[in-house]
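# Descriptive structure summary
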Amino acid sequence: MLKFDWNLLWTVVNLILFFLLMKKFLFKPIKNVMDKRQAMLDEQFKNAEDANAAANEKLADYESKLANADDEKNQIISGARQNARAEYDKIILRAEQDSKKMKADARKQIEEERESTIRSAREEIASLAADAASKLVGANITEEDNRNLLDEFLNEGSDGND
């Protein structure tokens, strides 16, 4: 029959007791340390994912700003070109107006000088005609007669030129 050995029983009891003690003093602290370490790793992974998401968000924001900067640059260049064109048109218009004014002033001055020249030529011719007439007549003509002759001559001369 079977013989019961007390050594075997004490070995089993020792093993169970050893297991319970190891569970209490070794396995639980190791499990706690491993749980804490797992929590720390999970938090670090979460922080890394959050940082990665923030970096991606900033990258998208920078890319958007860069695209907007290109659009803004194009708008500024376009606006500057339009302003330059408008300023160019104003300058050309001003130059044309100044040119027309200068031409009109020059024509007016030429006309005034022409009239002055004609007037002085008529006076010179009248004076010469009066001198010639007084020499032909041989008599001394009075100043009043001289003026009358001059006016008559100028009137005849201006009727012939107009």
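These notes cover the structure that comes with them. (Residues numbered from 1 in each chain as written. Predicted model: local features only at pLDDT ≥ 70, side-chain atom pairs only at ≥ 80, totals over all residues. Heavy atoms only, no water.)

### Quick notes on the overall build of the protein chain
- Each helix and strand counted, the protein chain has two helices and zero strands in total.
- Burial statistics for the protein chain: of 162 residues in total, 2% are counted as buried.
- By element, 58% of the accessible surface of the protein chain is carried by carbon and sulfur atoms, the whole surface being about 14900 Å². (Helix = DSSP H or I, 4+ residues; strand = E, 2+ residues; numbered from the N terminus. Buried < 20%, exposed > 50% of the residue type's maximum accessible area, 1.4 Å probe, protein only. Areas by Shrake-Rupley, 256 points an atom, 1.4 Å probe, with all protein chains shown as cover.)

### Looking at the pattern of salt bridges
- One pass over the full model with this rule turns up six salt bridges.
- Asp 89 is the partner of Arg 85 in a salt bridge, and the nearest nitrogen-oxygen pair spans 3.8 Å. One end of the pair is Arg 85 and the other is Asp 89, both in helix α1 (residues 6–137) and four residues apart, which spans about a single turn.
- The partner of Arg 114 in a salt bridge is Glu 111, with the nearest N and O atoms 3.2 Å apart. Of this pair, Arg 114 and Glu 111 both sit in helix α1, three residues apart, which is roughly one turn of that helix.
- Among the charged side chains, a salt-bridge network with shared partners connects Glu 111, Arg 114 and Glu 115. (Salt bridge = Lys/Arg side-chain N within 4 Å of Asp/Glu carboxyl O.)

### Observations concerning a nonpolar patch on the surface
- A contiguous nonpolar surface patch, about 860 Å² in accessible area, is contributed by Leu 8, Val 12, Ile 16, Phe 19, Leu 20, Leu 26, Phe 27, Ile 30 and Met 34.
- By secondary structure assignment, the location of Phe 27 is in helix α1. (Patch = residues over 30% accessible without salt bridge, like charges linked within 9 Å, V, L, I, M, F, W, Y side chains within 5 Å.)

### With respect to the environment of Arg 147
- With respect to the helices, strands and loops of the structure, Arg 147 is situated in helix α2 (residues 143–161).
- Residues Arg 147 and Ala 130, 17 residues apart in the sequence, show an inter-C-alpha distance of 9.3 Å.

Taken by themselves, the reported measurements are silent on function.
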